[in-house]
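Architecture and fold: a report
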Amino acid sequence: MKKIHWIVHKVALLIAFGVLILVGFIYFSSERFFPEKSSQGAQSVEIINQWDLPDILVEVSGISYMENGKIACVQDEDGFIFIYNLESASVERKIEFAGHGDYEGIALVGTTAYVLRSDGTLFEVKNFENNLLKTNEYSFDFPSNYDFEGLGYDQKKNRLLLGFKSKTEDDFKSIYAFDLDTKKMKDQPVYKIYFNDPVFDILDMKPSNKMLQPSEISINPDNGKIYILEGINPKLLILDSTGIPEKLHVFKKKQFRQAEGLTFGPTGELFISNEGNGNSGNILHISLN
């Protein structure tokens with residue numbers, strides 16, 4: 001009887017050992033046998049530096065460069081602006097401006113921060129860095145199914161650019177503008193990005209709204225070009241200063257798990273933030289070819 005128990009025990013150990021070997025093999029070989037599902041034409045980019053963010057920013061959804069190596073961040077759930085210091089790799093401050101909500105973008109205009117909620121509400125946070133901050137809200141008459149995600153400051157025209165992740169039209173993607181002088185939204189799109197534009201040929205797919213689902217918008221201070229980021233199938237569309245598509249960079253999912261934030265440093269350095277999506281959120285300083 002003892003011999004039978006010993007044999008059973010030995011067989012169980014061998015099975016367990018075999019399972020561990022199989023799991024390890026699958027884990028270390030998964031990239032080879034199950035390639036990442038990146039879009040057609042995806043290429044790796046040079047990552048100059050990477051900052052892994054604390055748990056409070058695992059769902060970082062918008063970033064905006066401040067000064068002295070600091071970046072203002074918002075996340076999907078709470079009405080706080082987080083000041084992240086790149087040098088110390090830590091959150092220096094968190095500034096409450098509103099309650100719970102799905103916040104998707106942030107743009108800085110002097111001492112005022114503008115934060116975009118996914119329902120299209122804009123929060124104007126004046127003097128956001130001191131105790132005298134004041135928050136104003138602006139809402140707009142858009143269909144309830146419009147899912148706002150992109151927010152960028154157009155300094156030259158003193159306006160904010162806003163984009164939608166969700167489907168709005170069949171043939172093009174709209175970019176709207178909020179005038180900072182009148183504090184009103186323009187009635188018509190200021191830019192239309194048509195899905196049949198040759199810039200999308202690299203994707204090798206039928207023209208549709210799935211070609212571009214913006215998560216962020218920013219303007220390069222060096223050349224005035226408009227950068228539109230997508231996080232679902234990570235890519236970066238560059239428009240010239242008049243809104244004409246110039247270049248589409250398709251990213252690999254391995255490098256950009258869920259690209260949600262985009263901002264530029266004072267000399268044109270490009271920063272992209274990723275939500276954690278099961279890991280830590282991060283900020284990447286990258287270089288494009």
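This text goes with the structure placed above it.
In this section: the overall build of the protein. Within the protein, the secondary structure is distributed over one helix and 21 strands. The burial tally for the protein puts 48% of its 289 residues in the buried class. Within the protein, residue pairs in contact and separated by at least 24 positions form 45% of the contacts whose partners lie at least 6 positions apart. When the accessible surface of the protein is split by element, carbon and sulfur atoms take 50% of a total near 15,200 Å².

Time to look at the sheet that holds strand S4 (residues 80-85). In space, the four strands of this open sheet follow the order S2-S3-S4-S5, with antiparallel pairing throughout. Two strands lie at the open edges of the sheet, namely strand S2 (60-65) and strand S5 (90-96), each paired on one side alone. In this sheet, neighbouring strand axes are inclined to one another by 25 degrees on average, regardless of whether the strands run parallel or antiparallel. Across six bridges, the pairing between S4 and S5 is antiparallel. Pairing of Phe82 across the sheet is with Lys94, part of S5.

Evaluated as defined, the whole model comprises nine salt bridges. The partner of Lys183 in a salt bridge is Glu124, and the shortest N-O contact between them spans 2.8 Å. Here the residue Lys183 occupies a position in the loop between strand S12 (172-179) and strand S13 (184-185), and Glu124 occupies one in strand S8 (residues 122-126), the gap between them amounting to 59 residues. The class of Lys183 is partly exposed, set by a relative accessible area of 25%. Among the residues examined, Glu124 registers a relative accessible area of 1% and is labelled buried. Between Asp154 and Arg159 there is a salt bridge whose closest N-O contact spans 3.0 Å.

Here we take up the packing of aromatic side chains. Taken as a whole and assessed by the stated rule, the structure comprises 18 aromatic pairs. With a centroid separation of 5.7 Å and an interplanar angle of 85 degrees, the aromatic rings of Phe164 and Tyr176 are classed as edge-to-face. Of this pair, Phe164 sits in strand S11 (residues 159-164) while Tyr176 sits in strand S12, placing them 12 residues apart in sequence. Neither residue differs from the other here; Phe164 and Tyr176 are each classed as buried. Ring geometry for Tyr227 against Phe264: centres 4.9 Å apart, planes inclined by 85 degrees, an arrangement best described as edge-to-face. Of the two residues, Tyr227 is situated in strand S16 (residues 226-230) and Phe264 in strand S19 (residues 259-264); the sequence distance between them amounts to 37 residues. Among the aromatic residues, ring-to-ring pairing joins Phe142, Tyr146, Phe148, Phe164 and Tyr176 into one connected group.

How each quantity is defined
Residues numbered from 1 in each chain as written. Predicted model: local features only at pLDDT ≥ 70, side-chain atom pairs only at ≥ 80, totals over all residues. Heavy atoms only, no water. Helix = DSSP H or I, 4+ residues; strand = E, 2+ residues; numbered from the N terminus. Buried < 20%, exposed > 50% of the residue type's maximum accessible area, 1.4 Å probe, protein only. Contact = heavy atoms within 4.5 Å. Areas by Shrake-Rupley, 256 points an atom, 1.4 Å probe, with all protein chains shown as cover. Pairing = 2+ DSSP bridges. Axes fitted to C-alpha atoms, helices over the stretch in contact; angles between N-to-C directions. Salt bridge = Lys/Arg side-chain N within 4 Å of Asp/Glu carboxyl O. Phe/Tyr/Trp six-rings, centres within 6.5 Å; stacked < 30°, edge-to-face > 60°.

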